[in-house]
Amino acid sequence: MGKLIEGKWSNEWYQATPKGDFVRDETMFRNAVTADGSSGFRAEAGRYHLYVSLACPWAHRTLIARQLKGLQNAITVSVVHPHMAENGWEFGEFPGSTPDTLFGAKYLYEIYTRAKRDYTGRVTVPVLWDKQSATIVNNESRQILRMLDHEFGAFAEHAEANLCPGELASAIDAEIDALYMPVNNGVYRAGFAVRQGAYETAVHELFSALDGYEARLDGQRFLLGEQLSEADICFFTTLLRFDPVYHYHFKCNLRRIADYRALSGYLRDIYQTPGVAEVCNIEQIKHHYFTSHPTINPNKIIPLGPPLDLRAPHGRENLRK
């Protein structure tokens, strides 16, 4: 994962703290699409384009929201190749990937420099592109997720799929905040740590959090009770990748999600929600992680396992808060 520095590509990896901790860079584009256009970016069918990776858990959030809301006809998508090499995300042939259908770009960083010629920062997915203004509106997954849920209702085939009801918004935000450091980013803090102590701290915090969620979800279907929310989507995209990737590749191997009765059922429950499985691609996920991090897996060997049966009954239909 390199970066752009004043519009020029640099194959510069993330910097670690003196204690060996992985530090994620902040996303840089933070404008918003609004239903009324008050932000300068009005929600309109056909105006916006998502750049995503099927492998990336952050981009995956936005694809799931697009599916659940029924925005496939309103917002177009390009999917990068799962292998991220010395030039970052690129477009190429791979099952499930697409060309850049807007500009025919070879590398995603070309989209960033179209928006800002002298851009400095990481080139990440997702990216929400405005075709009308010819710029990036936003590249922060959490904010894009909320926009898709709240601002495109007039064009949603499933507008009734409310992933963040107003009365639950603060609780959902608190849940997403709580998930971020120990879980969503915790797997990366473990996998990209460069000192033993930093790795062990991340792993202990990760599994302490997972143990807590296991106890909590043993008695309720979703994080806020009976309704699937944005917080569950943010949890799901990490859980989906855990056993096939994070457990081995990132050394998060104290336990598997399969070893947790409630969490494994919760994972299958969300996976079996209509529309979700269609945007889950384990082949792309494994190809990305096991080929894109040469310091962790220099020979790029992609493991055959583990076997996953995400269609198995989850038995969570009758859980109540």
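All values derive from a computational prediction rather than experimental measurement.

Caption draft 1: Representation of the environment of Asn31. Here Asn31 is to be found in the loop between strand 2 (8-10) and strand 3 (48-52). Under the relative-accessibility criterion, Asn31 is labelled partly exposed at 40%. Each C-alpha atom, one on Asn31 and one on Pro165, is 22 Å from the other, the two residues being 134 residues apart in sequence. When residues no more than four places from it in sequence are discounted, the contact partners of Asn31 are Phe41, Val137, Asn138 and Met147.

Caption draft 2: The side chain of Ser264, seen in detail. Of note, Ser264 is situated in helix 8 (residues 261-271). A distance of 3.1 Å separates a polar side-chain atom of Ser264 from the backbone oxygen of Arg261. Leave out the neighbours within four places in its chain, and Ser264 touches Ile257 and Ala258.

Caption draft 3: Main features of the nonpolar core. Counting 102 residues, the largest nonpolar core has Leu210 and Phe235 as the members making the most contacts within it. Setting aside its immediate chain neighbours within four residues, Phe235 contacts Leu179, Val183, Asn184, Leu210, Tyr213, Leu217, Leu223, Leu263 and Tyr266.

Caption draft 4: Spotlight on the pattern of salt bridges. Evaluation of the coordinates by the stated rule reveals 16 salt bridges. Note that Arg142 and Asp173 form a salt bridge whose closest N and O atoms lie 3.6 Å from each other. Taken together, the positions of Arg142 in helix 3 (residues 141-150) and Asp173 in helix 4 (residues 169-184) put the pair 31 residues apart, joining distant regions of the chain. We note a salt bridge from Arg255 to Asp211, for which the minimum N-O separation is 3.2 Å. Residue Arg255 is located in the loop between helix 7 (230-249) and helix 8, and its partner Asp211 is located in helix 6 (residues 196-217); the two are separated by 44 residues in the primary sequence. One connected set of salt bridges, linked through shared partners, spans Arg142, Arg146, Asp173, Asp177 and Glu230.

Rules used throughout
- Residues numbered from 1 in each chain as written.
- Predicted model: local features only at pLDDT ≥ 70, side-chain atom pairs only at ≥ 80, totals over all residues.
- Heavy atoms only, no water.
- Helix = DSSP H or I, 4+ residues; strand = E, 2+ residues; numbered from the N terminus.
- Buried < 20%, exposed > 50% of the residue type's maximum accessible area, 1.4 Å probe, protein only.
- Contact = heavy atoms within 4.5 Å.
- Polar contact = N/O pair within 3.5 Å; in protein donor to acceptor, adjacent residues only side chain to side chain.
- Core = buried A, V, L, I, M, F, W, Y, C linked by side-chain atoms within 4.5 Å.
- Salt bridge = Lys/Arg side-chain N within 4 Å of Asp/Glu carboxyl O.

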